[in-house]
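Understanding the architecture of this molecule
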Amino acid sequence: MLVLVVLAALFGRPQERMAPGPLGPGEFGELSGYVTVIDGDSLRLGGSEVRLVGIDAPEGRQTCQRDGREWDCGEESRRQLQRLIGRQKVSCRSVERDKHGRYLGTCEAGGKTLNSAMVESGCAVSYGSYGAEERVAKAARRGIWSGTFQMPREWRRERGIGR
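An account of the accompanying structure is given in this report. (Residues numbered from 1 in each chain as written. Predicted model: local features only at pLDDT ≥ 70, side-chain atom pairs only at ≥ 80, totals over all residues. Heavy atoms only, no water.)

Focus: the overall build of the protein chain
Secondary structure summary: the protein chain contains six helices and 12 strands in total. Just so you have it, the protein chain exposes about 9300 Å², and 52% of that area is on carbon and sulfur atoms. (Helix = DSSP H or I, 4+ residues; strand = E, 2+ residues; numbered from the N terminus. Areas by Shrake-Rupley, 256 points an atom, 1.4 Å probe, with all protein chains shown as cover.)

Quick notes on the pattern of salt bridges
Two side chains carrying opposite charge are able to pair once their charged atoms lie near each other. Counted by the stated rule, this structure contains 14 salt bridges. Note that glutamate 76 is salt-bridged to arginine 83, the shortest N-O span being 2.5 Å. Each of Asp41, Arg51, Asp56, Glu59 and Arg156 takes part in salt bridges that share partners, so that together they form one network. (Salt bridge = Lys/Arg side-chain N within 4 Å of Asp/Glu carboxyl O.)

Some remarks on the state of the cysteines
For the coordinates displayed, the defined rule picks out two disulfides. The side chain of cysteine 64 participates in a disulfide bridge whose partner is cysteine 73; the two sulfur atoms lie 2.1 Å from each other. On the sign convention where negative means left-handed, the S-S torsion of about 70° between cysteine 64 and cysteine 73 marks this disulfide as right-handed. For the pair cysteine 64 and cysteine 73, one class covers both residues: buried. A sulfur-sulfur separation of 2.1 Å characterises the disulfide bridge that pairs cysteine 92 with cysteine 107. Negative torsions about the S-S bond denote left-handed disulfides, and the value of about 110° found for cysteine 92 with cysteine 107 makes this one right-handed. Note that cysteine 92 is positioned in strand β9 (residues 90-97) and cysteine 107 in strand β10 (residues 103-109), a separation of 15 residues in sequence. Since its relative accessible area comes to 2%, cysteine 92 is described here as buried. (Disulfide = S-S within 2.5 Å. Buried < 20%, exposed > 50% of the residue type's maximum accessible area, 1.4 Å probe, protein only.)

Below, the structure written as structure tokens:
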């Protein structure tokens, strides 16, 4: 019986912990450690997934056009986030979860804010934040701005992929 009480205290009711919206009392909004990069705007940190808030990166299978040729901009976006992190620990701050239960966070590695760095590198677009960084990337024709592309949100919508 004691074991069940301890397990209930440790794990609680998953549907409540994973509900979208503001984090509840006792939920940790600060995460840090070594990560696995999922794509250009998502990380796995321990057992949690963190979506970089305020940005939207091309999806893993998304392609873009540059110099009359197709290129794997989604994969390049993932690689850029990996390069920014390198072998460093990542720290993320979050105040809410999205509809999929992912933390929405601002993350840093090596003194760089990953969210803004991804937009400034041209490997993600502004999604409610980081408009100045997007203007810089666009003017310099960096990353996806070096050719033509479909906004990630539209690309997902056409394929019925939820974000």
